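The primary structure of each chain is shown beneath.
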Amino acid sequence: MAQWIKNWTDGEWRTEVLAWVDMACEAYSLKRIGALQEATSSFRAKHLRVPTDSGILFFKAVAPGQLFEPPVTAAAATLVPDRLVMPLAIDPERGWMLSPDYGATLDGLATTPELWVRALGALGALQREVVDSEEALFDAGLQIQDPAWIPEEFNNALTLHASLPADHPLGIPARDADHAFAALKDIEMACAQLIAGPIPLSLEHGSFDRRRVFAPTDDKSAPRILNLGDAHWAHPFASLARPLERMRIDFRATADDPRILAAIGAYLSAWDDYGSPDELYELVAPALRISPLHTHETWLQLLADADEPQLRRWAPKVLEPLASLATATT
């Protein structure tokens, strides 16, 4: 078991969390009225519910590979306070974050095209509003995945995995690396299209779906977006990869289904000062083409401090994105 997961089950760790939470609550004149309640726990994060006299708060501790998430979330929420969840308190060194409750997320509601339209419209608006905030988010810890660098990073990734011993969880045979390397030209073309296009880099969410959006309280308020643990400063349209996958499943449809196109149209409309949705739609495919490399980078960073059992368990999350790139080329 990874050391940080052991820590999350340790009584001393929980005592430290309790003291920190109580201190944060006191700063907001809140009072905790019960014990910390288990929410969810995974390799990536530990979640606890905090009952207070003003409602439930949510505590989150992230894995070492995602220590950037609390400070990036706080920085981004400062820039667009109506579109993200602003933490009440963060501890960047320990990867802790205490946040208010904004109700149910969209995955708890019946799936409708309208929900996806609102969700993707909110994502596009958020990204559009922070395009001039690279320095602030970079200073907070957000990593950059510029399409100009992607081909070289793809080549470096294959070299890294092929150079590892055959029995290493992240190692791949040289022949498989050569096969995947055939995707390089296609990736270079996709990156060239994105670089030539009008859309600037922005906050690429990395794992956006209906679980990452709080249901709005009325027809006018913007849905609040959460969970920036997989985010990069990159081409924003790569954020469409997960939603497209989920919508195809939700609607049992292909990517050209009118319901899916309507949601993508709502997303692209947020960028209408850069071009019409029809014009910008041409950039969706190349952005989706390189999105697996963002996923690869996220998981590689997550596993940097993993022990052997966890490394073996989660290694496919690192290697599958590279395999998908090769498969898409053949």
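Residues numbered from 1 in each chain as written. Predicted model: local features only at pLDDT ≥ 70, side-chain atom pairs only at ≥ 80, totals over all residues. Heavy atoms only, no water.

**Student:** What's the story with the pairing of strand β2 (residues 45–52) in this structure? I'm lost.
**Tutor:** For a regular strand, side-chain orientation follows a simple rule: the groups alternate between the two sheet faces. The element β2 is extensively covered by neighbouring structure, given that 6 of its 8 residues are classed as buried. Here 3 bridges tie strand β1 (residues 37–41) to β2, and the two strands are oriented antiparallel to one another. Considered in β2, the bridge of Ser41 is made with Lys46. What sits between the antiparallel neighbours β1 and β2 is a turn of 3 residues. Judged from the 8 bridges that link them, β2 and strand β3 (residues 55–62) form a sheet pairing that is antiparallel. Of the residues in β3, the one forming a bridge with Leu48 is Phe59. (Buried < 20%, exposed > 50% of the residue type's maximum accessible area, 1.4 Å probe, protein only. Helix = DSSP H or I, 4+ residues; strand = E, 2+ residues; numbered from the N terminus. Pairing = 2+ DSSP bridges.)

**Student:** I'm lost on the nonpolar core in this one. Help?
**Tutor:** Across soluble globular proteins, you tend to see nonpolar side chains buried next to one another. Of all hydrophobic cores here, the largest spans 65 residues; its most connected members are Leu120, Phe154, Ile187 and Phe237. Sort the elements by how many residues they give to this core and helix α4 (residues 113–129) lands first, with 7 residues. Filtering out sequence-adjacent residues up to four positions away, Phe154 remains in contact with Ala180, Phe181, Ala183, Leu184, Ile187, Leu293, Leu322 and Leu325. The next biggest cluster of nonpolar side chains, apart from the first, holds 30 residues, and it includes Ala24, Phe59, Leu98 and Leu170. (Core = buried A, V, L, I, M, F, W, Y, C linked by side-chain atoms within 4.5 Å. Contact = heavy atoms within 4.5 Å.)

**Student:** Honestly, α4 in this entry has me stumped. Any pointers?
**Tutor:** Between the first and last C-alpha of α4 there are 24 Å, a value that for 17 residues agrees with the 24 Å anticipated at 1.5 Å per step. When we look at burial in α4, the residues that qualify are Leu115, Trp116, Ala119, Leu120, Gly121, Ala122, Leu123, Gly124, Ala125, Leu126 and Gln127. In this structure, the buried residues of α4 make contact with β7 (202–204), α9 (241–251) and α10 (258–269). (Expected span 1.5 Å × (residues − 1).)

**Student:** What am I meant to see in the sheet that holds strand β8 (residues 232–234) here?
**Tutor:** Strand pairs in the sheet, formed through backbone hydrogen bonds, run parallel or antiparallel to each other. In spatial order, the strands read β6-β8-β7; together these 3 strands make up an open sheet with mixed pairing. Taken across any chain shown, the strands that pair with only one partner, and hence form the sheet edges, are β6 (144–145) and β7. Relative to β8, β7 runs antiparallel, the two sharing 3 bridges. Residue Ser202 lies in a different strand from β8, and its bridge partner there is Ala234.

The quantities given are spatial measurements derived from coordinates; they are silent on function.
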